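Inside the fold
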Amino acid sequence: MFIHVSEVSFGYKKGEEILKAISLTLRQNQFTVIRGDNGSGKTTLGKLLVGILKPDSGSIFIDGRKTSQMSLGEIGKQIGYLFQEPERQIFTSTVGEELSLSLELNNEKDSSQQDRVTELLELFQLLPLINQFPFFLSRGEKQRLAMASILVNQPKFLVLDEPTTGLDQVRRRVLSELLLAQRAKGVGMAVITHDEEFINRLADRIIVLEGGVIKSDTFTKA
Ligand SMILES: Nc1ncnc2c1ncn2[C@@H]1O[C@H](COP(=O)(O)OP(=O)(O)O)[C@@H](O)[C@H]1O
Ligand SMILES: [Mg+2]
């Protein structure tokens, strides 16, 4: 699978371009990190990739299909997206329900689904919190819940906006391992992050945004 961004420009206000004719191709077999200063447009680019924002000009293609001709649901089945603020993707009144909802939204009813929910709750150390009201979780716990809700649908590609924010050292490590395991299964990754240790450990490719354009695009591993 690949995501192709072709000459995409975007601004929140008329005459104020945040991204200026950006072109790039994200491939499933490259662990891609997107970095850049605060306000450089990383979150904006992430939202464009998953169709939450629409380009002012240019196009985005997922496996050759224009995202402007796909519904958010269709895109969401293929690409799991983690918001920079995890509370934006938490909707239910308990941790357990959150994962079930995520499955229902995708109409998935196979027999292994409950196993997967339990497995993910365990993996993200959320089982003890299964009946908790998500609103009262810590930032890191919300982050883990949001990640679990994304992974329960087994997307082919992940776009993660600052996934290590709010996680302690141990849980950052757990997340790295988990993402490596996802990659080994063939899941593609575009991760927005400043976390040096995380980048050094995981990135195959680093894209730097600056002033609305791609300042550099480098491959870190042969
Ligand atoms: N909803 C919005 N409305 C208007 N301006 C916005 C909005 N979201 C972000 N911006 C502006 O767009 C620019 C890029 O923001 P963002 O994509 O969040 O950057 P980053 O994630 O790299 O910090 C910033 O100048 C920010 O203030
Ligand atoms: Mg951001």
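Residues numbered from 1 in each chain as written. Chains lettered and ligands numbered in written order. Predicted model: local features only at pLDDT ≥ 70, side-chain atom pairs only at ≥ 80, totals over all residues. Heavy atoms only, no water.

1. Quick look at the packing of aromatic side chains
The following threshold applies: Pairing of aromatic rings covers Phe, Tyr and the six-membered ring of Trp, with a centre-to-centre limit of 6.5 Å; geometry is then stacked below 30 degrees between planes, edge-to-face above 60, and tilted otherwise. Only protein chains enter the area calculation, which uses a 1.4 Å probe; residues under 20% of their type maximum are buried, those over 50% are exposed, and those in between are partly exposed.
All chains considered together, the criterion is met by 5 aromatic pairs. Arranged with centres 6.0 Å apart and planes meeting at 40 degrees, the rings of F133 and F135 form a pair that is tilted. According to the relative accessible area criterion, F133 is partly exposed, its value standing at 38%. Accessibility expressed as a relative area gives 58% for F135, which makes it exposed. A connected cluster of aromatic rings, assembled from ring pairs, spans F133, F135 and F136.

2. Details of the environment of E98
To keep it simple, the criterion reads: Numbering of helices and strands runs from the N terminus; a helix is a DSSP stretch of H or I covering at least four residues, while a strand is a stretch of E covering at least two. Only heavy atoms enter the contact rule, under which two residues are in contact if any of them lie within 4.5 Å.
Tracing the backbone shows E98 in helix 3 (residues 95-105). Residue classification places E98 among the buried residues on the basis of a relative accessible area of 2%. With 21 residues separating them along the chain, E98 and K77 place their C-alpha atoms 17 Å apart. Apart from the residues within four sequence positions on either side, E98 is in contact with Q89, I90, F91, T92, L145 and S149.

3. Some details on the site of ligand 1
Where we set the bar: Any residue with a heavy atom positioned within 4 Å of a molecule or strand is treated as near that molecule or strand. Think of a polar contact as two N or O atoms within 3.5 Å of one another; within protein, one of them needs to be a possible hydrogen donor and the other a possible acceptor, and neighboring residues in sequence only count if both atoms come from side chains. The Shrake-Rupley method, run with a 1.4 Å probe sphere, supplies the accessible areas, and residue values consider only the shown protein chains as cover. Only Asp, Glu, Lys and Arg are considered charged, only Ala, Val, Leu, Ile, Met, Phe, Trp, Tyr, Cys and Pro nonpolar, and every remaining residue, Gly among them, polar.
Taken together, the residues surrounding ligand 1 are Y12, I18, D37, N38, G39, S40, G41, K42, T43 and T44. A distance of 3.1 Å separates an oxygen atom of ligand 1 from a polar atom in the backbone of G41. Contact with the protein chains removes 59% of the 560 Å² of surface that ligand 1 exposes when unbound. Within the shell around ligand 1, the residues separate by chemical class into 2 nonpolar, 6 polar and 2 charged.

4. Quick notes on the sheet that holds strand 1 (residues 2-10)
Going by this rule: Strand pairing is assigned whenever DSSP detects at least two bridges linking the two strands.
Pairing is antiparallel across the open sheet formed by 4 strands, whose spatial order is 2-1-4-5. Two strands lie at the open edges of the sheet, namely strand 2 (19-27) and strand 5 (65-66), each paired on one side alone. Relative to strand 5, strand 4 (residues 57-62) is paired through 2 bridges, and the arrangement is antiparallel. Considered in strand 5, the bridge of F61 is made with K66.

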